[in-house]
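Listed below, chain by chain, are the residues.
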Amino acid sequence: MKKGFVLSMMSMIAIGGISCSSRSGQTDGTDDFKWIVDKFDDIKVLRYQVPGFEALPLQQKKLIYYLNEAALCGRDILYDQNFKYNLPIRRTLEAIYMNYNGGDQENAQWKAFEKYLKKVWFANGIHHHYSTDKFTPEFDRDFFEMLVACVPDEELPTDFGTREELLAVIEPILFDPDLYPVRVSQSADSDMLKHSAMNYYEGVSQKEAEQFYAKMVDPTDRTPISYGLNSKLVKENGRIYEKVWKVDGMYSPAIEKIIYWLDLAADVAEEPQKSTIEKLISYYRSGDLKEFDEFNILWVQDTVSNVDFVNGFTENYGDPLGRKASWEALVNFKNEEATRRTEIISAQAQWFEDHSPVQPEYKKKEVKGVSAKVITAAILGGDCYPATPIGINLPNADWIRKEHGSKSVTIQNITEAYSESSKGNGFLEEFMLRPEDRERITKYGTLGDNLHTDLHECLGHGSGQLAPGTNGDELKQYGSALEETRADLFALYYLADPKLVELGIVPNADVAKAEYASYIMNGMMTQFARIELGKNVEQAHMRNRKLIAEWCYEQGRADNVIEKVVENGKTYIVVNDFDKLRALFGKMLREIQRIKSEGDFEAGKELVEKYAVKIDPVLHAEVLERYGKLGIQPYSGFVNPKYSPVMEGGEIVDVKIEYPEDYVEQMLEYSRNYSFLPSKNG
Ligand code: ZN
């Protein structure tokens, strides 16, 4: 599962909410680093730093280098999975781009073409990466035909067909809005496969696909494989069967390249990682999903390797039936300093539990903290590139999670890049009234935010216990919002505890003040920027933030703890009394824990419905208007660093890292060097 795909959890950072930040644990010199390298349409392209890479031992640098190459080799797979004509379209657009000799680079039509190509690269295809709607070209068909006419035959994707055959297919796709309008359709009342442009099924109806897999699944199997995960389901000559993604199967040319680099990685890896990589290679060769499970078990059990990776068919968001997985990759290594922070917190788990404001009978007698790993991403690939999650929790198979556990990671250099890049975007100046709050947030915002996440993940969810007879699912549809509320309150309450200063995790009380001020403002106001006017708050994390902020506002009203200030026609949310606010967090935590422990559905429902769902339409419109004026792009993604081996006598003696600034150049380079699939696949 991916955490916070830009518009969900941490998106307050991505789109400017908690701007900020101190550069906790970063290398020097970040001040001059250019974080934003491109902007087009609703997209902002950023860079990220890889602090600590240079100091790694040579063996780990080589391992990362080989795994990185493996991570880049699957790019074409994702294009083809997203839509079967994405590869010939991308190649045609790139050929045009390379051959354009119009001279007039400022020509509006040409600018529109360039923007379209940038969007296609960003989405790994012609449908938006988030909404999955097809892009509408802002250049016209005549202009396109003029451009194509300048491209020599041999530079077009000739493996697709003649020039005429190619254009007969792709031109209508580009310009007819009714053709393949959406990549993933979720409308329950029609055949979702027929209405989705994704390339996971061909010639089969939704019903046929469901029946195909229903027959395969054995409901008594307690360790089921992930049926259908690594294949395309097709109907040919009346027969329905899977085209498996493996060596000698579909996508073989790209998979062979991935294996080539994984082999080199296995050679330099140490145990237990070496066997883990070898198992992955074996699975790529056989396509056998039993081997995929074996690989996942080895992978999740390896908690000692400093370098770690994701490489393969992993997440199923792109399949309307939630079965087929897109190809993705991520290479990373441990962020020692930040991980130490989570270890210190985890080690004190019992102290936090014992001192919490919760009723004694609902506290755990013996609590075990989870030490979430904080990592530094070295490369993003496949479905993690250019748009990327800020956290990952894998593997996905339920029985493996239950029996062998899962790995939960936070990618700190990515969150760092989000907050660094949103500095100076005008957000704080627009929405945060008092200069002292702005200063504190600029200084301690990132630390406060990271610490909030640590406390939430390492302690919050694991704290508390149920009353005898309560089984935990009584809160039904309100359960997830209330559970996030509970974990957030635990984090907020302890953020201001002197214990954190004592443990050396925070320098002073200003860290909590920074987090409190932005949390309340976000919950009561700025998070509404992501919701269409007239709609309610639906997402669990957004509901939880609104619930906490609005409840505390009302409860603290007599003491003016939180104040709505209107100045020059603009609304501001201001925290006047941080100590009293902390006491309110404690009081609320006690009540939310009681609701969970006793399974008090009615009380939970009442809180959520009263405080978390409905937005004041006047305030909502105001937020959208002020936000719109700032012109902040709602979606972000990244260019990758570039790694090059330093050779001496045929041996790698070092690996150099550079941070390219040119988005277009990186995309063209990847298409040149990592394009291994034909224009027509299976
Ligand atoms: Zn949570």
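Residues numbered from 1 in each chain as written. Predicted model: local features only at pLDDT ≥ 70, side-chain atom pairs only at ≥ 80, totals over all residues. Heavy atoms only, no water.

Details of the overall build of the protein chain
What the protein chain contains, in helices and strands, is 25 helices and 16 strands. For 682 residues, the compact-globule estimate of 2.2 N^0.38 gives 26 Å, and the protein chain sits close to it at 26 Å. Judged by the C-alpha coordinates and their principal axes, the protein chain covers about 75 × 60 × 60 Å. For the protein chain, with 682 residues in total, the buried portion stands at 60%. Look at the contacts in the protein chain between residues 6 or more apart in sequence, and 75% of them connect residues 24 or more apart. In the structure as shown, the protein chain presents an accessible area of about 27,300 Å², 49% of it carried by carbon and sulfur atoms. (Helix = DSSP H or I, 4+ residues; strand = E, 2+ residues; numbered from the N terminus. Rg over C-alpha atoms; globule rule 2.2 N^0.38 Å. Buried < 20%, exposed > 50% of the residue type's maximum accessible area, 1.4 Å probe, protein only. Contact = heavy atoms within 4.5 Å. Areas by Shrake-Rupley, 256 points an atom, 1.4 Å probe, with all protein chains shown as cover.)

Details of unusual backbone geometry
Along the chain, Glu271 connects to Pro272 via a cis peptide bond; the corresponding omega equals 5°. With respect to the helices and strands, Pro272 occurs in the loop between helix 9 (252–268) and helix 10 (273–286). Following Tyr385, the chain continues into Pro386 via a peptide bond in cis, with omega recorded as -10°. Among the structural elements, Pro386 can be located in the loop between strand 9 (373–382) and strand 10 (391–394). Notably, Asn124 is not glycine yet its phi reads approximately 50°, a positive angle. With respect to the helices and strands, the residue Asn124 is situated in the loop between helix 5 (108–123) and helix 6 (141–149).

Re helix 7 (residues 163–175)
Over its 13 residues, helix 7 extends 18 Å from the first C-alpha to the last, a length consistent with the 18 Å expected when each residue adds 1.5 Å. Those residues of helix 7 that fall on the buried side of the exposure criterion are Arg163, Leu166, Leu167, Ile170, Glu171, Ile173 and Leu174. Of the surrounding elements, those touching the buried residues of helix 7 are helix 4 (86–99), helix 5 and helix 6. (Expected span 1.5 Å × (residues − 1).)

Regarding the packing of helix 9 against helix 10
The interhelical angle for the contact between helix 9 and helix 10, taken along N-to-C directions, is 160°, at an axis separation of 9 Å. Here helix 9 lies roughly antiparallel to helix 10, going by the angle between them. In the crossing of helix 9 with helix 10, the sense of the turn from one axis to the other is left-handed. Two secondary-structure elements touch here, helix 9 through Ile255, Ile258, Ile259, Leu262, Asp263, Ala265, Ala266 and Asp267 and helix 10 through Lys274, Ile277, Glu278, Leu280, Ile281, Tyr284 and Arg285. Taken together, the residues that form the contact of helix 9 with helix 10 break down as ten nonpolar, no polar and five charged. (Axes fitted to C-alpha atoms, helices over the stretch in contact; angles between N-to-C directions. Parallel < 35°, antiparallel > 145°, perpendicular 65-115°, else oblique. Left-handed = near helix turned anticlockwise from the far one by under 90°. Nonpolar A, V, L, I, M, F, W, Y, C, P; charged D, E, K, R; others polar.)

As for the coordination of the zinc ion
At 2.1 Å from the zinc ion lie its protein donor atoms, namely His456 (NE2), His461 (NE2) and Glu484 (OE). Mapping the donors of the zinc ion onto the primary sequence yields the spacing H-x4-H-x22-E. Separated by 23 residues along the polypeptide, His461 in the loop between helix 17 (435–460) and helix 18 (479–495) and Glu484 in helix 18 bring together distant segments of the chain. (Donors = N, O, S within 2.8 Å, 3.2 Å for Na, K, Ca; no water.)

Considering the sheet that holds strand 4 (residues 201–202)
Taken in spatial order, the three strands of this open sheet run 4-5-6, and their pairing is mixed. This sheet does not close on itself; its edge strands, each paired only once, are strand 4 and strand 6 (239–244). Pairing of strand 5 (residues 231–236) with strand 6, which is carried by six bridges, proceeds in the antiparallel orientation. For Lys235, the partnering residue across the bridge sits in strand 6 and is Ile240. Across the face of the sheet, helix 8 (residues 206–216) comes into contact with strand 4, strand 5 and strand 6 while running at roughly 75° to strand 6. (Pairing = 2+ DSSP bridges.)

Points about the packing of aromatic side chains
Tallied over the full model, the rule gives 48 aromatic pairs. Taking 5.6 Å as the distance between ring centres and 80° as the angle between the ring planes, the aromatic pair formed by Tyr48 and Phe638 counts as edge-to-face. One end of the pair, Tyr48, is in the loop between strand 3 (43–47) and helix 2 (58–72); the other, Phe638, is in strand 14 (residues 635–639), and 590 residues separate them in sequence. Classification of Phe638 as buried rests on a relative accessible area of 0%. Aromatic side chains Tyr116 and Phe139 sit 5.6 Å apart centroid to centroid with 85° between the ring planes, which places their arrangement in the edge-to-face category. (Phe/Tyr/Trp six-rings, centres within 6.5 Å; stacked < 30°, edge-to-face > 60°.)

Some words on the sheet that holds strand 3
Sheets are built from strands paired through backbone hydrogen bonds, the pairs being either parallel or antiparallel. Reading across from one edge, 2-3-14 is the order of the three strands in this open sheet, with mixed pairing throughout. The open sheet has two free edges, formed respectively by strand 2 (36–40) and strand 14, since each of these has just one partner strand. Within the sheet, the average angular offset between the axes of one strand and its neighbour, ignoring direction, is 25°. In the sheet, strand 2 pairs with strand 3 via four bridges, with the strands oriented antiparallel. Across the sheet, Phe40 pairs through a bridge with Ile43, a residue of strand 3. Strands strand 2, strand 3 and strand 14 of the sheet are contacted by helix 5, whose axis makes an angle of about 115° with strand 2.

What about the confidence of the model for the protein chain?
Low-confidence regions, as indicated by low pLDDT, have predicted coordinates that should not be scrutinised in detail. Here the protein chain shows a mean pLDDT of 91. Residues at 70 or above account for 94%. Of the regions scoring below 50 in pLDDT, residues 4–30 engages in 102 contacts with residues more than four places distant in sequence or in other chains. (pLDDT = per-residue confidence, 0-100.)

Some remarks on the pairing of strand 13 (residues 570–575)
Within strand 13, five of the six residues are buried, which leaves it mostly tucked inside the rest of the structure. Alignment of strand 12 (residues 562–567) against strand 13, held across six bridges, turns out to be antiparallel. By the bridge assignment for strand 13, Val566 is matched with Thr571. Where strand 12 folds back on strand 13, the antiparallel hairpin that results is connected by two residues, among which Asn568 adopts a positive phi of roughly 50°.

Details of the pattern of salt bridges
Taken as a whole and assessed by the stated rule, the structure comprises 45 salt bridges. The salt bridge partner of Glu598 is Arg594, with a shortest N-O separation of 2.6 Å. Here Arg594 and Glu598 lie together in helix 22 (residues 578–598), a separation of four residues that amounts to about one turn. For Arg594, a relative accessible area of 17% gives the class buried. As a salt-bridge pair, Asp654 and Lys656 come within 3.5 Å of each other at their nearest N and O atoms. By relative accessible area, which is 46% here, Lys656 ends up partly exposed. The network of salt bridges with common partners includes Asp41, Lys115, Lys119 and Glu138. (Salt bridge = Lys/Arg side-chain N within 4 Å of Asp/Glu carboxyl O.)

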